Amino acid sequence: MTTKAKHMARAPQLPSGCVDFNKLHHAAMTNTDPVKALAGARIVPAQEKPVVTPASTKQETPSNG
Amino acid sequence: MADLSQKTVLGITVQASAGTYNAPGVSDCYPIANLRPTINGVKVTNPEYSGTVHKPGDAIVGKKVSLSFQMVVRGPGGATPPAAGDWIPGRLLRAVGFTEVVTAAAIPAAAEALAAADTDNVTLGDGAAATADLYRGLALNLVANGVAPKSLTSIVAYGADKVAQLPEVFGAAPVGNYQIPKQLSYLLSAAESTVLLSSSFWLGRVRYNLVDVAVSAFKATFTASTQDSASYCLYDVTLEGKIESTADENATVLQPAGPAPFFKDGDFWVDKLALGGSSFSIDMGVKLGYPPNPNEADGNDAGQIVETTRTVSLTLNQQLKATKDFIALADAQGYHSIWAQFGQASGNIVSVLIPEARFDYQSPDPSGDFVTQQGDMLIDAADKAICITFPYL
């Protein structure tokens, strides 16, 4: 068994769409790479892409400059 | 003997992959109400001339199955949150696009002192991470702020400075300890759902098995229970899928899901103000699509949610302008939170948070005993835009 395969065998496999939040919290407290922590805490869909947060619809006061 | 409608049972499982039926067993069944299955033929009108006014009947090309039902809003109960993937209503929520977030141990392990507090925000202590957004949508126990569940609140926003914005405003800044309690949370994910379900429903002595089941409609309605009128809070769900098989099999006898929490003796805060009102609902505005694929028996792959438009509908008691000017709020189109919490028993407390929504105009309605105002709030955000949490004390 390769090292990667051994690692995969040990890694907890959560059902799709589930997150172990205590693991995420621990990663955040120990400054672990959050992407790697997230990968261990859930199955990340391959097609997951960053989402653009909609800009606020609040009207800003126009500058007079 | 005719089959009895009361012997209606629904089971739900998550499929490992599209097209692979995962047969629900007895432990995958959960009480539902008002099940309405429909099996409709997919028809196309024959365009050919028949040499007479009498045209041939439509061609039957396939079948489309949908399943509408209601499920009572209640928590999983027990002493600790269930293991990931175990809770049956959670499978539905995951199929809609919520992420199931299991916090099996309280954070921090022992309640610790707040670093600072204001009337509508608190700064968490050393046991909390300085990671922006990390705790958004989760329940927070301000331990000294009353007897639980009254001491529970929710986190609308969380900054790298450890400041947690709250959906309510206290008369005085909270003091004492805090803890993020054990909880089972469903936080809307920015990513589309990748969860496909298998479902079986029994009607008396007949079992129908569905594969590649996706959610085509999802609405949660929270109705206040009063001395005049009591109501369950309900999810209205519609599923669509393909018939995998049918069989003559008796419906199983369900274990009762236990008492449900009622929307009273709790919290209902709109834009950081506790307001009276009869109900609010969250409609996911799901649009389900079927990718064409002639290799498949039905001519398409499994259904996928192709878009959602998320809306909150409110029915509030009319408010004085001096209390809250809803017309001005709709004019301004800023973002405001909605938070409701009800239920008393650990694991059966329901906390519903919409961190950011814009007001549509609310119409006054004097048709009943009390003047009410009805209108929508619109949700732009995706990630953690709707948070349903079941805290454990």
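Residues numbered from 1 in each chain as written. Chains lettered and ligands numbered in written order. Predicted model: local features only at pLDDT ≥ 70, side-chain atom pairs only at ≥ 80, totals over all residues.

1. Some details on the interface of chain A and chain B
Interfaces are often sized by the amount of accessible area the parts lose when they come together. Across the contact, 20 residues belong to chain A and 28 residues belong to chain B. Going through the elements one at a time, β1 (18–20) and α2 (21–29) of chain A are the ones with two or more residues in the side of chain A that touches chain B. In terms of residues, the side of chain A that touches chain B owes the most to one element, α2(A), which gives 5 residues. Considered class by class, the residues forming the side of chain A that touches chain B number 10 nonpolar, 7 polar and 3 charged. (Contact = placed C-beta atoms within 7 Å. Helix = DSSP H or I, 4+ residues; strand = E, 2+ residues; numbered from the N terminus. Nonpolar A, V, L, I, M, F, W, Y, C, P; charged D, E, K, R; others polar.)

2. Overview of α2(A)
An α-helical turn contains 3.6 residues, so a residue and the one three or four places further along point in the same direction. All names here are of chain A. All buried positions along α2 are accounted for by F21, L24, H25 and A27. Within α2, the buried residues cover an arc of 160° as seen down the axis, which keeps them to one side. Looking at the residues trailing α2, positive phi occurs at N31, about 55°. (Buried ≥ 20, exposed ≤ 12 C-beta atoms within 10 Å, placed from the backbone. Arc of directions from axis to C-beta.)

3. A short note on the nonpolar core
Residues and elements named next belong to chain B. V96, V122, L140, A164, V215, V312 and I354 are the most contacted members of the largest nonpolar core, which has 105 residues in total. Here this core takes 9 residues from strand β16 (residues 206–223), the largest share from any one element. For this core, the domains that each give at least three residues are domain 1 (8–40 + 61–100 + 188–391) and domain 2 (105–181). (Core = buried A, V, L, I, M, F, W, Y, C linked by C-beta atoms within 7 Å. Domains from an automatic or database assignment.)

4. Details of the sheet that holds strand β11 (residues 157–158) of chain B
All names here are of chain B. The 4 strands are arranged β7-β8-β12-β11 in an open sheet whose pairing can be described as antiparallel. Two strands in the sheet have a free side with no partner beyond their single neighbour: β7 (116–117) and β11. Across 3 bridges, the pairing between strand β8 (residues 121–123) and strand β12 (residues 163–165) is antiparallel. Across the sheet, the residue bridging to N121 is Q165, located in β12. (Pairing = 2+ DSSP bridges.)

5. Quick notes on helix α1 (residues 88–96) of chain B
All names here are of chain B. Most of α1 sits out of view: 9 of its 9 residues are buried. Listing the buried residues of α1 in full gives I88, P89, G90, R91, L92, L93, R94, A95 and V96. At the C-terminal side of α1, G97 shows a positive phi close to 130°.

6. Focus on the domain arrangement of chain B
Residues and elements named next belong to chain B. Domain boundaries in chain B define domain 1 (8–40 + 61–100 + 188–391) and domain 2 (105–181). Here the C-alpha centroids of domain 1 and domain 2 sit 27 Å apart. Contacts between the two partners involve 15 residues from domain 1, matched on the other side by 14 residues from domain 2. At the level of elements, β18 (267–270), β24 (336–342), β25 (350–359) and β28 (387–391) are the ones that each hand at least two residues to the side of domain 1 that touches domain 2. In terms of residue class, the side of domain 1 that touches domain 2 is built from 7 nonpolar, 5 polar and 3 charged.

7. Remarks on the sheet that holds strand β13 (residues 177–180) of chain B
Residues and elements named next belong to chain B. Taking strand neighbours across the sheet as the criterion, the 4 strands line up as β6-β13-β9-β10 in an open arrangement whose pairing is antiparallel. On the outer flanks of this sheet lie β6 (107–113) and β10 (152–154), each paired with one strand and no other. Pairs of neighbouring strands in the sheet enclose a mean axial angle of 30°, with direction left out of account. Sheet topology places strand β9 (residues 139–142) next to β13; 2 bridges connect them, and they run antiparallel. Residue pairing in the sheet places L142 in a bridge with Y178 of β13. (Axes fitted to C-alpha atoms, helices over the stretch in contact; angles between N-to-C directions.)

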